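Secondary and tertiary structure notes
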Amino acid sequence: MTVNVLFAAQPNRWPQYETPLRIALDDTGLDYDLRTEFAPSEVDYIVYAPNGSVQDFTPYTRLKAVLNLWAGVEDVVGNKTLTVPLTRMVDDQGLTQGMVEWVTGHVMRHHLGMDSHIVNPDRVWNNSAPPLATDRPVTILGFGALGQACARILTTLGFPVTGWSRSGHPLPGITSMSGDNGLTEALTGAQIVVLLLPATPGTANILNAERLALMAPGAFVINPGRGPLIDDAALLAALDSGQIAHATLDVFRTEPLPNDDPYWGHPRVTVTPHIASETRPPSASRVIADNIRRSEAGEPLLHLVDRSAGY
Ligand code: NAP
(Lines give C-alpha, C1' and ligand atoms only; values in the text may rest on other atoms or scores of the structure.)
Protein backbone atom coordinates (compact mmCIF):
# COMPACT_ATOMS: atom_id res chain seq x y z
CA MET A 1 0.00 0.00 0.00
CA THR A 2 1.27 3.49 -0.81
CA VAL A 3 2.70 5.44 2.14
CA ASN A 4 1.39 9.02 2.07
CA VAL A 5 3.83 11.62 3.38
CA LEU A 6 2.62 15.18 3.93
CA PHE A 7 5.22 17.96 3.93
CA ALA A 8 3.78 20.49 6.38
CA ALA A 9 6.66 22.85 7.12
CA GLN A 10 6.38 26.43 5.85
CA PRO A 11 5.67 26.52 2.09
CA ASN A 12 8.93 28.35 1.31
CA ARG A 13 10.81 25.27 2.57
CA TRP A 14 9.22 22.91 0.02
CA PRO A 15 11.55 23.84 -2.88
CA GLN A 16 14.56 23.10 -0.63
CA TYR A 17 13.20 19.80 0.64
CA GLU A 18 11.28 18.24 -2.23
CA THR A 19 14.23 16.80 -4.15
CA PRO A 20 16.30 15.63 -1.13
CA LEU A 21 13.21 14.02 0.42
CA ARG A 22 12.36 12.21 -2.83
CA ILE A 23 15.95 10.97 -3.18
CA ALA A 24 16.00 9.74 0.43
CA LEU A 25 12.54 8.13 0.19
CA ASP A 26 13.47 6.50 -3.15
CA ASP A 27 16.43 4.91 -1.36
CA THR A 28 14.11 3.27 1.20
CA GLY A 29 12.44 1.25 -1.56
CA LEU A 30 9.01 2.18 -0.17
CA ASP A 31 6.04 2.85 -2.41
CA TYR A 32 5.29 6.43 -1.32
CA ASP A 33 3.50 9.60 -2.28
CA LEU A 34 5.03 12.87 -1.07
CA ARG A 35 2.98 16.05 -1.32
CA THR A 36 2.15 19.34 0.39
CA GLU A 37 -1.58 18.57 0.25
CA PHE A 38 -3.64 15.48 1.00
CA ALA A 39 -7.04 14.80 2.44
CA PRO A 40 -6.07 14.59 6.16
CA SER A 41 -7.62 11.14 6.53
CA GLU A 42 -5.15 9.78 3.90
CA VAL A 43 -1.92 10.93 5.59
CA ASP A 44 0.46 8.37 7.14
CA TYR A 45 3.36 10.64 8.14
CA ILE A 46 3.76 14.39 8.56
CA VAL A 47 7.15 16.00 7.93
CA TYR A 48 6.60 18.82 10.35
CA ALA A 49 7.71 22.21 11.55
CA PRO A 50 5.88 23.92 14.41
CA ASN A 51 5.53 27.16 12.41
CA GLY A 52 3.81 25.33 9.52
CA SER A 53 0.13 25.05 8.73
CA VAL A 54 -0.86 21.98 10.79
CA GLN A 55 -1.75 22.80 14.39
CA ASP A 56 -4.75 20.47 14.85
CA PHE A 57 -3.91 16.80 14.26
CA THR A 58 -7.46 15.56 14.94
CA PRO A 59 -8.45 15.12 11.25
CA TYR A 60 -5.35 12.98 10.56
CA THR A 61 -7.07 9.77 11.53
CA ARG A 62 -4.57 7.30 10.07
CA LEU A 63 -1.43 9.19 11.07
CA LYS A 64 1.45 6.97 12.24
CA ALA A 65 4.07 9.55 13.28
CA VAL A 66 4.99 13.24 13.15
CA LEU A 67 8.60 13.87 12.12
CA ASN A 68 9.78 17.27 13.30
CA LEU A 69 12.41 19.02 11.18
CA TRP A 70 13.66 20.96 14.20
CA ALA A 71 15.61 19.81 17.27
CA GLY A 72 13.46 21.96 19.55
CA VAL A 73 9.91 20.72 20.13
CA GLU A 74 8.59 23.13 22.77
CA ASP A 75 5.93 24.49 20.39
CA VAL A 76 4.45 21.07 19.56
CA VAL A 77 5.19 18.79 22.51
CA GLY A 78 2.16 19.96 24.49
CA ASN A 79 -0.28 19.70 21.59
CA LYS A 80 -3.14 17.59 22.99
CA THR A 81 -4.44 16.72 19.51
CA LEU A 82 -1.17 14.89 18.77
CA THR A 83 -1.55 11.31 19.93
CA VAL A 84 0.98 9.49 17.72
CA PRO A 85 4.79 9.34 18.20
CA LEU A 86 6.70 12.59 17.68
CA THR A 87 10.35 12.59 16.62
CA ARG A 88 12.79 15.49 16.62
CA MET A 89 15.72 16.25 14.38
CA VAL A 90 19.08 14.75 15.28
CA ASP A 91 21.42 14.90 12.30
CA ASP A 92 25.15 14.52 12.86
CA GLN A 93 26.01 15.55 9.31
CA GLY A 94 23.95 18.76 9.27
CA LEU A 95 22.37 20.26 12.37
CA THR A 96 24.96 18.91 14.80
CA GLN A 97 27.94 19.83 12.62
CA GLY A 98 26.60 23.38 12.28
CA MET A 99 26.20 23.74 16.04
CA VAL A 100 29.68 22.40 16.72
CA GLU A 101 31.13 24.98 14.30
CA TRP A 102 29.14 27.88 15.79
CA VAL A 103 29.88 26.99 19.42
CA THR A 104 33.58 26.35 18.74
CA GLY A 105 33.88 29.65 16.89
CA HIS A 106 32.33 31.67 19.71
CA VAL A 107 34.25 29.80 22.41
CA MET A 108 37.51 30.51 20.56
CA ARG A 109 36.59 34.17 20.06
CA HIS A 110 36.19 34.71 23.80
CA HIS A 111 39.01 32.39 24.79
CA LEU A 112 41.54 34.20 22.58
CA GLY A 113 40.13 37.68 23.32
CA MET A 114 39.92 38.30 19.58
CA ASP A 115 37.71 41.38 19.91
CA SER A 116 40.46 43.51 21.42
CA HIS A 117 42.64 42.92 18.35
CA ILE A 118 39.91 43.18 15.73
CA VAL A 119 38.62 46.50 17.09
CA ASN A 120 41.56 48.52 18.46
CA PRO A 121 41.02 52.14 17.40
CA ASP A 122 43.56 53.49 19.95
CA ARG A 123 46.31 51.20 18.56
CA VAL A 124 47.03 49.73 22.01
CA TRP A 125 50.04 47.38 21.95
CA ASN A 126 48.84 44.93 24.60
CA ASN A 127 51.09 41.93 24.13
CA SER A 128 49.73 39.75 26.93
CA ALA A 129 48.98 36.35 25.44
CA PRO A 130 45.77 34.50 26.31
CA PRO A 131 45.93 31.37 28.46
CA LEU A 132 45.99 27.99 26.77
CA ALA A 133 42.74 26.09 26.41
CA THR A 134 43.88 23.71 29.14
CA ASP A 135 43.49 26.60 31.60
CA ARG A 136 39.99 27.61 30.45
CA PRO A 137 37.25 25.45 32.00
CA VAL A 138 34.12 25.22 29.84
CA THR A 139 30.77 24.00 31.12
CA ILE A 140 27.99 22.85 28.80
CA LEU A 141 24.49 22.79 30.28
CA GLY A 142 22.49 20.24 28.28
CA PHE A 143 24.53 17.23 27.34
CA GLY A 144 22.47 15.61 24.61
CA ALA A 145 23.09 15.29 20.88
CA LEU A 146 24.42 18.82 20.48
CA GLY A 147 26.08 19.35 23.86
CA GLN A 148 28.08 16.12 23.63
CA ALA A 149 29.21 16.82 20.07
CA CYS A 150 30.46 20.28 21.09
CA ALA A 151 32.16 18.79 24.15
CA ARG A 152 34.10 16.29 22.05
CA ILE A 153 35.59 18.99 19.82
CA LEU A 154 36.32 21.40 22.68
CA THR A 155 38.02 18.58 24.58
CA THR A 156 40.10 17.77 21.52
CA LEU A 157 41.21 21.42 21.48
CA GLY A 158 42.34 21.02 25.09
CA PHE A 159 39.55 22.69 27.10
CA PRO A 160 38.61 20.98 30.37
CA VAL A 161 34.90 20.38 29.66
CA THR A 162 32.12 19.63 32.12
CA GLY A 163 28.71 18.54 30.82
CA TRP A 164 25.51 18.73 32.85
CA SER A 165 22.27 16.90 32.08
CA ARG A 166 19.33 15.21 33.80
CA SER A 167 20.78 11.74 33.69
CA GLY A 168 24.54 12.34 33.34
CA HIS A 169 26.44 10.93 30.38
CA PRO A 170 29.90 9.60 31.13
CA LEU A 171 32.21 10.35 28.20
CA PRO A 172 35.94 9.68 28.13
CA GLY A 173 37.98 12.73 29.17
CA ILE A 174 34.89 14.82 30.01
CA THR A 175 33.42 15.49 33.45
CA SER A 176 29.72 14.67 33.48
CA MET A 177 27.33 15.89 36.17
CA SER A 178 23.63 15.85 36.98
CA GLY A 179 21.22 17.07 39.64
CA ASP A 180 21.12 20.35 41.58
CA ASN A 181 24.44 19.77 43.33
CA GLY A 182 25.98 18.81 40.01
CA LEU A 183 24.74 22.06 38.49
CA THR A 184 26.32 24.09 41.27
CA GLU A 185 29.57 22.19 40.89
CA ALA A 186 29.52 22.46 37.08
CA LEU A 187 29.09 26.24 37.20
CA THR A 188 31.50 27.00 40.04
CA GLY A 189 34.58 28.59 38.52
CA ALA A 190 33.45 27.99 34.92
CA GLN A 191 34.99 30.55 32.58
CA ILE A 192 32.77 29.79 29.61
CA VAL A 193 29.22 28.40 29.90
CA VAL A 194 27.39 27.11 26.83
CA LEU A 195 23.63 26.52 27.08
CA LEU A 196 22.31 23.61 25.02
CA LEU A 197 19.24 22.68 27.04
CA PRO A 198 15.73 22.44 25.60
CA ALA A 199 13.03 24.90 26.68
CA THR A 200 10.86 23.07 29.21
CA PRO A 201 9.23 24.09 32.50
CA GLY A 202 12.23 22.48 34.26
CA THR A 203 14.83 24.59 32.46
CA ALA A 204 13.15 28.02 32.54
CA ASN A 205 15.45 30.71 33.99
CA ILE A 206 17.98 28.03 34.91
CA LEU A 207 20.79 30.56 34.49
CA ASN A 208 19.68 32.97 37.22
CA ALA A 209 21.49 35.51 39.42
CA GLU A 210 22.59 32.94 41.97
CA ARG A 211 24.10 30.67 39.33
CA LEU A 212 25.71 33.48 37.33
CA ALA A 213 27.49 34.43 40.57
CA LEU A 214 29.02 30.94 40.78
CA MET A 215 30.93 31.41 37.55
CA ALA A 216 34.48 32.80 37.51
CA PRO A 217 34.54 36.62 37.57
CA GLY A 218 34.67 37.89 33.98
CA ALA A 219 33.23 34.65 32.56
CA PHE A 220 31.46 34.30 29.21
CA VAL A 221 27.93 33.02 28.49
CA ILE A 222 27.08 31.51 25.11
CA ASN A 223 23.43 30.64 24.50
CA PRO A 224 22.44 28.77 21.34
CA GLY A 225 19.83 26.75 23.31
CA ARG A 226 16.63 28.72 23.92
CA GLY A 227 15.87 32.22 25.23
CA PRO A 228 13.88 31.21 28.34
CA LEU A 229 16.92 29.37 29.77
CA ILE A 230 18.29 32.73 30.94
CA ASP A 231 16.88 35.15 33.53
CA ASP A 232 17.44 38.19 31.30
CA ALA A 233 17.37 40.78 34.09
CA ALA A 234 19.93 38.76 36.06
CA LEU A 235 22.22 38.44 33.03
CA LEU A 236 22.02 42.17 32.27
CA ALA A 237 22.90 42.93 35.91
CA ALA A 238 25.82 40.48 35.79
CA LEU A 239 27.07 42.06 32.55
CA ASP A 240 26.83 45.54 34.06
CA SER A 241 28.78 44.48 37.16
CA GLY A 242 31.47 42.73 35.06
CA GLN A 243 30.77 39.32 36.64
CA ILE A 244 29.98 38.27 33.08
CA ALA A 245 32.42 39.81 30.60
CA HIS A 246 30.36 39.04 27.51
CA ALA A 247 27.27 37.10 26.43
CA THR A 248 26.83 35.72 22.94
CA LEU A 249 23.12 35.11 22.49
CA ASP A 250 21.52 33.38 19.51
CA VAL A 251 18.04 32.77 20.96
CA PHE A 252 15.58 34.97 22.82
CA ARG A 253 12.20 34.91 24.53
CA THR A 254 10.80 36.95 21.66
CA GLU A 255 12.14 36.43 18.14
CA PRO A 256 12.97 38.45 16.15
CA LEU A 257 14.49 40.33 19.10
CA PRO A 258 12.43 43.56 19.44
CA ASN A 259 14.18 46.71 18.33
CA ASP A 260 14.11 48.23 21.83
CA ASP A 261 15.47 45.16 23.63
CA PRO A 262 18.38 46.07 25.94
CA TYR A 263 20.48 43.27 24.46
CA TRP A 264 20.68 45.16 21.16
CA GLY A 265 23.66 47.49 21.23
CA HIS A 266 24.80 46.37 24.70
CA PRO A 267 28.61 46.70 24.62
CA ARG A 268 29.02 43.29 26.27
CA VAL A 269 26.43 41.38 24.25
CA THR A 270 26.65 39.82 20.81
CA VAL A 271 23.26 39.11 19.26
CA THR A 272 23.06 36.52 16.50
CA PRO A 273 19.64 35.99 14.86
CA HIS A 274 18.91 32.33 15.70
CA ILE A 275 21.44 31.08 13.16
CA ALA A 276 23.63 28.93 15.42
CA SER A 277 22.59 25.92 13.41
CA GLU A 278 19.82 25.00 11.04
CA THR A 279 18.43 21.80 9.63
CA ARG A 280 20.14 20.94 6.33
CA PRO A 281 17.76 19.41 3.80
CA PRO A 282 19.98 16.70 2.23
CA SER A 283 21.12 15.03 5.45
CA ALA A 284 17.90 15.78 7.37
CA SER A 285 15.87 14.15 4.60
CA ARG A 286 17.84 10.94 5.10
CA VAL A 287 17.01 11.03 8.83
CA ILE A 288 13.30 11.53 8.06
CA ALA A 289 13.20 8.81 5.39
CA ASP A 290 15.02 6.36 7.63
CA ASN A 291 12.42 6.86 10.36
CA ILE A 292 9.56 6.28 7.89
CA ARG A 293 11.29 3.11 6.71
CA ARG A 294 11.73 1.99 10.32
CA SER A 295 8.11 2.64 11.16
CA GLU A 296 6.91 0.71 8.11
CA ALA A 297 9.25 -2.18 9.04
CA GLY A 298 7.93 -2.23 12.62
CA GLU A 299 11.30 -1.06 13.98
CA PRO A 300 11.57 1.50 16.80
CA LEU A 301 11.70 5.14 15.69
CA LEU A 302 14.89 7.09 16.30
CA HIS A 303 14.96 10.41 18.20
CA LEU A 304 11.57 9.96 19.83
CA VAL A 305 10.38 12.85 21.96
CA ASP A 306 9.54 12.00 25.57
CA ARG A 307 6.24 13.88 25.77
CA SER A 308 6.17 13.86 29.57
CA ALA A 309 9.73 15.22 29.86
CA GLY A 310 8.94 17.84 27.19
CA TYR A 311 11.92 17.19 24.90
P1 NAP B 1 18.80 16.66 23.38
O2 NAP B 1 19.64 15.65 22.68
O3 NAP B 1 17.41 16.31 23.77
O4 NAP B 1 19.60 17.10 24.67
C5 NAP B 1 19.01 17.88 25.67
C6 NAP B 1 19.89 17.80 26.90
O7 NAP B 1 19.33 18.62 27.93
C8 NAP B 1 19.99 16.37 27.47
O9 NAP B 1 21.30 16.14 27.93
C10 NAP B 1 19.01 16.41 28.64
O11 NAP B 1 19.32 15.51 29.68
C12 NAP B 1 19.21 17.82 29.12
N13 NAP B 1 18.08 18.29 29.91
C14 NAP B 1 16.79 18.46 29.55
N15 NAP B 1 16.05 18.89 30.57
C16 NAP B 1 16.90 19.00 31.62
C17 NAP B 1 16.74 19.40 32.98
N18 NAP B 1 15.55 19.80 33.47
N19 NAP B 1 17.82 19.38 33.77
C20 NAP B 1 19.02 18.97 33.30
N21 NAP B 1 19.25 18.59 32.02
C22 NAP B 1 18.19 18.60 31.21
O23 NAP B 1 18.71 18.00 22.54
P24 NAP B 1 19.76 18.56 21.46
O25 NAP B 1 19.51 17.97 20.14
O26 NAP B 1 21.12 18.49 22.04
O27 NAP B 1 19.26 20.09 21.37
C28 NAP B 1 19.28 20.93 22.51
C29 NAP B 1 18.54 22.22 22.23
O30 NAP B 1 19.30 23.03 21.35
C31 NAP B 1 17.21 22.05 21.49
O32 NAP B 1 16.17 21.69 22.38
C33 NAP B 1 17.00 23.43 20.92
O34 NAP B 1 16.30 24.21 21.86
C35 NAP B 1 18.42 23.98 20.76
N36 NAP B 1 18.79 24.20 19.35
C37 NAP B 1 19.07 25.45 18.93
C38 NAP B 1 19.45 25.68 17.64
C39 NAP B 1 19.83 27.07 17.17
O40 NAP B 1 20.02 27.28 15.98
N41 NAP B 1 19.98 28.01 18.06
C42 NAP B 1 19.54 24.62 16.73
C43 NAP B 1 19.25 23.33 17.18
C44 NAP B 1 18.87 23.13 18.51
P45 NAP B 1 19.32 13.92 29.43
O46 NAP B 1 20.50 13.68 28.53
O47 NAP B 1 19.52 13.36 30.77
O48 NAP B 1 18.01 13.59 28.79
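Parameters at a glance
Residues numbered from 1 in each chain as written. Predicted model: local features only at pLDDT ≥ 70, side-chain atom pairs only at ≥ 80, totals over all residues. Heavy atoms only, no water. Pairing = 2+ DSSP bridges. Helix = DSSP H or I, 4+ residues; strand = E, 2+ residues; numbered from the N terminus. Axes fitted to C-alpha atoms, helices over the stretch in contact; angles between N-to-C directions. Contact = heavy atoms within 4.5 Å. Domains from an automatic or database assignment. Buried area = accessible area lost by both parts, 1.4 Å probe. Salt bridge = Lys/Arg side-chain N within 4 Å of Asp/Glu carboxyl O. Polar contact = N/O pair within 3.5 Å; in protein donor to acceptor, adjacent residues only side chain to side chain. Nonpolar A, V, L, I, M, F, W, Y, C, P; charged D, E, K, R; others polar.

1. Here's the deal with the sheet that holds strand β6 (residues 138-141)
As summarised here, the arrangement of the 7 strands in space is β8-β7-β6-β9-β10-β11-β12, forming an open sheet in which the pairing is parallel. Each edge of the open sheet is held by one strand with a lone partner, namely β8 (175-178) and β12 (269-271). Mean inter-strand twist for the sheet, computed between neighbouring axes without regard to direction, equals 15°. Here strand β11 (residues 244-249) runs beside β12; their pairing, made up of 3 bridges, is parallel. Note that in β12 the partner of Leu 249 across the bridge is Val 271. Packed on one face of the sheet, helix α2 (residues 92-112) meets β9 (192-195), β10 (219-223), β11 and β12 and runs near 160° to β11. Packing of helix α4 (residues 145-156) onto the sheet brings it into contact with β6 and β7 (161-165), and relative to β6 it is tilted by some 170°.

2. Considering the domain arrangement of the chain
The domain boundaries assigned to the chain delineate domain 1 (3-91 + 279-296) and domain 2 (92-271). With centres defined by C-alpha atoms, the gap from domain 1 to domain 2 works out at 32 Å. Facing 11 residues of domain 1, the contacting portion of domain 2 comprises 8 residues. Summing both sides of the interface, domain 1 and domain 2 together bury roughly 780 Å²; the carbon and sulfur share of this comes to 52%. Counting every contact that joins domain 1 to domain 2 gives 1 salt bridge. When the shortest N-O distance is used, the salt bridge between Arg 226 and Glu 74 registers 2.6 Å. For the pair domain 1 and domain 2, the interface holds 5 residue pairs in polar contact (both at pLDDT 80 or more). Partitioning the side of domain 1 that touches domain 2 into residue classes produces 3 nonpolar, 3 polar and 5 charged.

3. Observations regarding the sheet that holds strand β4 (residues 65-68)
Read from one edge of the open sheet, 5 strands run β2-β1-β3-β4-β5, paired in parallel fashion. Strands at the two margins of the open sheet, each flanked by one partner only, are β2 (32-35) and β5 (86-87). Bridge count between strand β1 (residues 3-8) and strand β3 (residues 45-48): 4 bridges; the pairing is parallel. For Phe 7, the partnering residue across the bridge sits in β3 and is Val 47. Where helix α1 (residues 14-28) meets the sheet, it contacts β1 and β2, and its direction lies at approximately 175° from that of β2.

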